[in-house]
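Tertiary structure, described
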Amino acid sequence: MIPIEYWLVFSSLLFVIGAYGVLTRRNAIVVLMCIEIMLNAANINLVMFSSYHSTLHTTVDSTGQVFALFSIAIAAAEVAVGLAIILSVYRRYQTVDVDKINILRW
Amino acid sequence: MLEYAWLIPVFPFAAFILIALLPKRTLWWEDGAVYAIGGALGAMCLSFLVVWDVVMGDTLIDGSQRFEWLVVGDFSVTFGIWIDQLSAVMLVVVSVVGTLVVFYSGGYMHGEGETRRRYYAEIMLFISVMYGLVIADNYLLMFIFWELVGLCSYLLIGFWYERPSAASAAKRAFIVTRVGDIMFMAGIIILFKYVGSLDFADLFSGAGVAAVPSDMMILATALIFGGAIGKSAQFPLHEWLPDAMEGPTTVSALIHAATMVKAGVYLTARSYPLLVQAPESLLFVAAIGGITALVAATAALAQNDIKRVLAYSTISQLGYMTLGLGAGGYLVIHADSAAGYSAATFHLMNHAFFKALLFLCAGSVIHAVGTNDMRQMGGLGKVMKITSLTMLIGSLAIAGMPPLSGFWSKDEVLAAVWHAGEFDPAFMMLWVMGIATAFLTAFYMFRMWFMTFAGEPRSDYHAHESPRIMTVPLMILAGLAVVSGFALFIGDGFKAFMEGSIDGLLAGAGHESVFDVAVEIFTDPLTYLTLALAIVGIVLAWRMYYVPGFDRSVFAKGFNGKLQRALENRWYISKFYDDFAIKVVYAASLVADAFDRHVIDGIVNGFAYLGGNMGQVLRRLQNGNVQRYTGLIVVGICLLLILVLYVLPWGGW
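Quick caveat, the model's predicted, so the values are computed rather than measured.

Details of the overall build of chain A
Counting its secondary structure elements, chain A contains three helices and zero strands. Each helix and strand of chain A, placed in order from N terminus to C terminus, yields the pattern α-α-α. For a compact globule of 106 residues, the expected C-alpha radius of gyration is about 13 Å, and chain A comes in at 18 Å, more than 25% above that figure. For the C-alpha atoms alone, the extent of chain A along its principal axes is close to 55 × 25 × 25 Å.

Structural notes on the interface of chain B and chain A
Opposite the 11 residues of chain B that make contact, chain A presents 12 residues. Counting the surface lost from both chain B and chain A, the interface buries some 910 Å², and carbon and sulfur atoms represent 54% of this. Applying the counting rule to chain B against chain A returns zero salt bridges. Summed over the shared surface of chain B and chain A, the result is three residue pairs in polar contact (both at pLDDT 80 or more). Per-class residue counts for the side of chain B that touches chain A are two nonpolar, seven polar and two charged.

Describing the pairing of strand β2 (residues 75-80) of chain B
Residue and element names in this part refer to chain B. In the sheet, strand β1 (residues 66-72) pairs with β2 via six bridges, with the strands oriented antiparallel. Bridged to Phe67 within β2 is Phe79. Taking the residues that link successive antiparallel strands as the turn, the β1-β2 hairpin has two residues, and the phi of Gly73 there is positive, at about 60 degrees.

Notes on the side chain of Arg270 of chain B
Residues and elements named next belong to chain B. Mapped onto the fold, Arg270 is located in helix α12 (residues 262-270). A relative accessible area of 4% means that Arg270 is categorised as buried. Aside from chain neighbours lying at most four places away, what touches Arg270 is Trp82, Asp84, Leu86, Ser87, Phe200 and Phe204.

Concerning the packing of aromatic side chains
What characterises a pair of aromatic rings is the spacing of the ring centres plus the angle enclosed by the ring planes. Residues and elements named next belong to chain B. One pass over the structure, following the stated rule, counts 29 aromatic pairs over all chains. Centre to centre, the rings of Phe200 and Phe204 are 5.3 Å apart; their planes meet at 5 degrees, and the pair counts as stacked. The same class applies to Phe200 and to Phe204, which are both buried. Ring geometry for Trp449 versus Phe450: centroids 5.8 Å apart, planes at 80 degrees, classification edge-to-face. Note on Trp449: relative accessible area 13%, which makes it buried. Grouped by ring-pair contacts, the aromatic residues Trp82, Tyr139, Phe143, Trp146, Phe184, Phe200 and Phe204 constitute a single cluster. Lying across the ring of Phe174, Arg178 places its NZ or CZ 4.2 Å from the centre.

Concerning the nonpolar core
Membership of the largest hydrophobic core comes to 217 residues, with the highest contact counts inside it found for Ile83, Met124 and Tyr139 of chain B. The contact partners of Ile83 of chain B, leaving out residues within four places of it in the chain, are Leu2, Ala5, Val50, Val54, Thr59, Leu60, Ile61, Leu91 and Ile135 of chain B.

Topic: the environment of Ala257 of chain B
Residue and element names in this part refer to chain B. Tracing the chain through its elements places Ala257 in helix α11 (residues 249-258). The class for Ala257 is buried, based on a relative accessible area of 0%. Setting aside chain neighbours within four positions, we find Ala257 in contact with Ser252, Lys262, Thr314, His351, Lys355 and Phe359.

A closer look at the environment of Thr523 of chain B
With respect to the helices and strands, Thr523 of chain B occurs in helix α22 (residues 514-523). For the pair formed by Thr523 of chain B and Leu563 of chain B, sequence separation is 40 residues and the distance between their alpha carbons is 38 Å.

What to know about the packing of helix α1 (residues 10-21) of chain B against helix α2 (residues 33-55) of chain B
Residues and elements named next belong to chain B. Relative orientation of the contacting elements α1 and α2 amounts to 170 degrees, with a least axis distance of 7 Å. With respect to each other, α1 and α2 are oriented roughly antiparallel. Across from Phe11, Pro12, Ala15, Leu18 and Ile19 in α1, the residues of α2 making contact are Tyr35, Ala36, Gly39, Gly42, Ala43 and Leu46. The residue makeup of the contact of α1 with α2, split by class, is nine nonpolar, two polar and no charged.

Description of the pattern of salt bridges
Residue and element names in this part refer to chain B. One pass over the full model with this rule turns up 11 salt bridges over all chains. Salt-bridge contacts for Glu246 lead to Arg163; the nearest nitrogen and oxygen are separated by 3.5 Å. Residue Glu246 is located in the loop between α10 (240-243) and α11, and its partner Arg163 is located in the loop between α5 (139-157) and α6 (164-195); the two are separated by 83 residues in the primary sequence. What you see here is one network of salt bridges that share partners, running through Glu147, Arg178 and Asp181.

Considerations on the environment of Trp160 of chain B
Residues and elements named next belong to chain B. In this structure, Trp160 sits in the loop between α5 and α6. Sequence separation between Trp160 and Ile642 is 482 residues; the distance between their C-alpha atoms is 82 Å. When residues no more than four places from it in sequence are discounted, the contact partners of Trp160 are Glu112, Ala166, Glu246, Gly247 and Pro248.

Details of the confidence of the model for chain B
On average, residues of chain B score 85 in pLDDT, and 97% of them are at 70 or above. With pTM at 0.76, the complex prediction returns an ipTM value of 0.82.

Comments concerning unusual backbone geometry
Here Phe235 of chain B and Pro236 of chain B are connected by a cis peptide whose omega angle stands at 5 degrees. Looking at the secondary structure, you find Pro236 of chain B in the loop between α9 (214-231) and α10. Between Pro402 of chain B and the following residue, Pro403 of chain B, the backbone shows a cis peptide bond with an omega angle of 0 degrees. Mapping Pro403 of chain B onto the fold places it in the loop between α17 (385-399) and α18 (405-420). Look at Thr58 of chain A: it is not a glycine, yet its phi comes out positive at around 45 degrees. Tracing the backbone shows Thr58 of chain A in the loop between α2 (28-57) and α3 (63-93). Positive phi, normally seen in glycine, also occurs at Asp336 of chain B, with a value near 50 degrees. Relative to the helices and strands, Asp336 of chain B is located in the loop between α15 (306-335) and α16 (339-369).

The rules behind these values
Residues numbered from 1 in each chain as written. Chains lettered and ligands numbered in written order. Predicted model: local features only at pLDDT ≥ 70, side-chain atom pairs only at ≥ 80, totals over all residues. Heavy atoms only, no water. Helix = DSSP H or I, 4+ residues; strand = E, 2+ residues; numbered from the N terminus. Rg over C-alpha atoms; globule rule 2.2 N^0.38 Å. Contact = heavy atoms within 4.5 Å. Buried area = accessible area lost by both parts, 1.4 Å probe. Salt bridge = Lys/Arg side-chain N within 4 Å of Asp/Glu carboxyl O. Polar contact = N/O pair within 3.5 Å; in protein donor to acceptor, adjacent residues only side chain to side chain. Nonpolar A, V, L, I, M, F, W, Y, C, P; charged D, E, K, R; others polar. Pairing = 2+ DSSP bridges. Buried < 20%, exposed > 50% of the residue type's maximum accessible area, 1.4 Å probe, protein only. Phe/Tyr/Trp six-rings, centres within 6.5 Å; stacked < 30°, edge-to-face > 60°. Lys NZ or Arg CZ within 6 Å of the ring centre and 35° of its normal. Core = buried A, V, L, I, M, F, W, Y, C linked by side-chain atoms within 4.5 Å. Axes fitted to C-alpha atoms, helices over the stretch in contact; angles between N-to-C directions. Parallel < 35°, antiparallel > 145°, perpendicular 65-115°, else oblique. pLDDT = per-residue confidence, 0-100.

Below you can see the structure in the form of structure tokens.
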């Protein structure tokens, strides 16, 4: 069994990589992909802690697993909405560069 | 009958409601005078029954007639009835003068048309609250009625409000008396702080008096007397009363001569159990009274308006009463004698009758001639026989001619002041002011009488005697002015009667018999001194204003005419107030204006400016770049995490 620290380091790295991407990439599609990476880092945490919890108490508790499944389903819906927004933004401005889409300001 | 005393103010109040609310058709004769007369008569009959009980030795001072008005937790404000000898005297005055004035108004206000409805309603309200004032059993209730009579006074002085002078006189009366009212309120607040109750029964008991520290007692009593200074037009707040003559003469007679202005004297007399604990306040009371008597009497010398002469005379006589009360307090303390107290209340009653008479006579004259200016009268004695005769009786009474009422009471007051001089030499000086006032009073009253009724007409008027409804009240009042002085000798005498009202303060001194009182008056050389001065005053007035060919400019030229001008301008006191208001208050307003404009507005505008500028700077953060926002969120969360995980545990939380 893989020690829990490994998983924690792995999911943290995944989250940080995703956050870095969200903050630095200009392409809105890549930003959306990075958000997915962050989301999956959280999913990994949910599954991992669920498993760890069961091992610790020698029971079978799949609440965390079910949460992860919910999260994935919601992520799918979120991607659909996000892509739709990006598509309409592209139609309006002929670009998906988030630096250029800054009309909502002072 | 005493348990029905609370009904006395109800009669006039009902009349007030009826006159104010009934449809116009049902007001009948003189726009509501019927209801007014009914209300006044009902209250008078009940008052007489109550007073009869008091004369028979019954009083209602045990708080058995009391009900709760306001309950807050375990604290309650109660209203009740307090009837003793002092209330009885006031009841007599208010009921008799009130009723006669209402009758007289039926003739005097005849030409006023529909505004009479307002007049009768206001007069009835006044009579009602005046009754309330004299039967109230605590300072709070008394203060409420005190303010209400002030309100009625304001309304009635300003009865002809379309005249600017009447409107401003009403305002002046209201504002000046308010100065005194605030002092009165401050005084009763101090009493409440120490005693925890404003009921007379609690305050005047030994425990109530003992609860107030002596320096606070001086302050409280002086402040309560401050209320009297305002209401009874004492120096230096007396200038509103001559101006109040802008109202109808009936109002002057009822409110500004016989009843409301007596409320201050009544208040001072009522507060006697407290005042005798503070001799300093008593001296203050007496000094104010003496100064008022003299200042007002001198100012009356040079007035040409018949009502203003009477107004100053009223102020001067009120000064007598206050002087008598101040001196009487010393007599209570040092001599166990109620002489000053009874003299002042006796003068209060007598003065109410003869001053109401004088005012109503003046009203009759004004009604006939159509002017207040005595320089345009003269010779009226021939056409107005009843008026001139009754006014002569009133003038003789106020001048102190025996056996008219003014002689007895004025003599009693002066004797009390003289007697008090044994205990404090200051009273000797006040006594000198008192007899000087007696001389001046006789002089200016007969100056007025001669100028009005004697000699030849000085203008083209068509005067005639007033109708019966006006002359009958004059005759009744003249009768009272003659006989009310003999109250001193009826039964046990007025003195013994009034002693009943403050017997708790007297160490059981035996009553003086009626015979002793009479002997005392007639064997005292001072009586004859006062009388001689008054006669000299009358003769001087006769010489100067009746005998033709007298060169009055001799007096006018004295002190280069400065004295004459000072008197005509009422010692410049009124002018001083005007200047004070204009210069000082205006300067203060300029400062306040500048402060408001620059400091207050500066602060408010400064905050607005600060907000605007900060917005200008901070809005740069809102640049529309979502990634910048996200970055700030991440940084913020990191900072929060550092705070929660490292800084706070390190600090011990």
